[in-house]
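# Fold and contact review
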Amino acid sequence: MASSYKGQNLFGSGPHRFALGTLGEVVVSDLSLGGFSSDSFAVGPRELEVVVTGRLAAASEAALWTLRDAIVAQLVSPPAGGTLIDTHGRSWSDMSFITYDEGDRTDRGRVWSMSYRAVFRRFHLSQGQRPTE
């Protein structure tokens, strides 16, 4: 099974893996809120984050740029949610593509390849909403 985001096979050109980001509770210190104690406060569950790492691989440098451009085109503002599916068929709905980092070099040999890291997040609030005070 191929992985996909919004129905597009963005990462299937080379090896890649999916990992969950940090799970649990968001905790802030009283000091960060302007207080004077060493107390901490749990403010709610972390938003779900899925990190995809791997290598893009193509037969030419131009083809590698085409793969990169297809990924970057999915980085929109404001982020728009879509379904992210890993290579084992596990899916996460309403995931927004929020960051993409490439490795520091393009490797050239039988194929052109480059490492990357892509981060997807499921926001608790829909875009444009603000928490009530």
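Details of the structure are given in the entry above.
### Some details on the environment of Pro-15
Of note, Pro-15 is situated in the loop between β1 (4-5) and β2 (16-20). Exposure remark for Pro-15: the relative accessible area of 58% places this residue in the exposed category. Taking the C-alpha atoms as reference points, Pro-15 and Ala-57, separated by 42 residues in sequence, lie 8.6 Å from one another. If near-sequence neighbours (up to four positions away) are discounted, Pro-15 is found in contact with Thr-53, Gly-54 and Arg-55.

### What about the packing of aromatic side chains?
As enumerated under the stated definition, the model contains seven aromatic pairs in all. Geometrically, the ring pair formed by Tyr-5 and Phe-97 is edge-to-face, given 6.2 Å between the ring centres and 70 degrees between the ring planes. Linking Tyr-5 in strand β1 with Phe-97 in strand β7 (residues 91-102), this pair joins segments that are 92 residues apart in sequence. Summarising the aromatic geometry, the rings of Phe-11 and Tyr-116 are spaced 5.2 Å apart at their centres and angled 20 degrees between planes, so their arrangement reads as stacked. With Phe-11 in the loop between β1 and β2 and Tyr-116 in strand β9 (residues 112-122), this pair connects stretches of sequence that are 105 residues apart. Residue Tyr-116 is classed as buried on the basis of its relative accessible area of 5%. Above the ring of Trp-65, the side-chain terminus of Arg-68 is found at 3.7 Å from the ring centroid.

### Some details on the pattern of salt bridges
For side chains bearing opposite charge, pairing can occur when the charged atoms are close. The tally for this structure, following the rule as stated, stands at six salt bridges. With its nearest N and O atoms 2.3 Å apart, the salt bridge here joins Glu-49 to Arg-121. Placement of the pair is Glu-49 in strand β5 (residues 48-58) and Arg-121 in strand β9, with a sequence separation of 72 residues. Given a relative accessible area of 24%, Arg-121 falls into the partly exposed group. The shortest N-O distance in the salt bridge between Arg-68 and Glu-102 comes to 2.5 Å. Of this pair, Arg-68 sits in helix α1 (residues 61-72) while Glu-102 sits in strand β7, and the two are 34 residues apart along the sequence. Under the relative-accessibility criterion, Glu-102 is labelled partly exposed at 31%. Several salt bridges converge on common partners, so that one network encompasses Glu-47, Glu-49 and Arg-121.

### Let's talk about the nonpolar core
Ranked by size, the top nonpolar core spans 20 residues in total, and within it Phe-11, Leu-84 and Phe-120 carry the most contacts. Mapped by element, the contributors of at least two residues to this core are β5, α1, β7 and β9. The biggest single contributor to this core is β5, with five residues. Those residues in contact with Leu-84, other than ones at most four positions away along the chain, are Ser-4, Tyr-5, Phe-18, Val-50, Arg-90, Ser-91, Trp-92, Met-95 and Phe-120.

The rules behind each value
Every chain is numbered on its own, with residues counted from 1 as its sequence reads. Reporting of local features is limited, given that this is a predicted model, to residues whose pLDDT is at least 70; pairs of side-chain atoms are given and counted only at 80 or more, and all residues count toward the totals for whole chains, interfaces and linings. Note that water and hydrogens are dropped before the side-chain values are worked out from all heavy atoms of the structure. Under the DSSP-based scheme used, a helix requires at least four consecutive residues in state H or I and a strand at least two consecutive residues in state E, with every element numbered from the N terminus. Exposure categories follow from relative accessible area, calculated using a 1.4 Å probe and restricted to protein chains: below 20% of the type maximum is buried, above 50% is exposed, and the middle band is partly exposed. Every residue pair with non-hydrogen atoms within 4.5 Å of one another is taken to be in contact. Pairs were defined over the aromatic rings of Phe, Tyr and Trp, the Trp ring being its six-membered one, requiring ring centres within 6.5 Å. Orientation was assigned from the angle between planes: stacked under 30 degrees, edge-to-face over 60, tilted for the rest. Each ring is checked for a lysine NZ or an arginine CZ that lies within 6 Å of its centre and within 35 degrees of its normal; such an atom marks a charge sitting over the ring. Any Lys or Arg side-chain nitrogen found within 4 Å of a carboxyl oxygen on Asp or Glu counts as a salt bridge. Throughout this description, the term nonpolar core refers to a set of buried Ala, Val, Leu, Ile, Met, Phe, Trp, Tyr and Cys residues connected via side-chain atoms within 4.5 Å.

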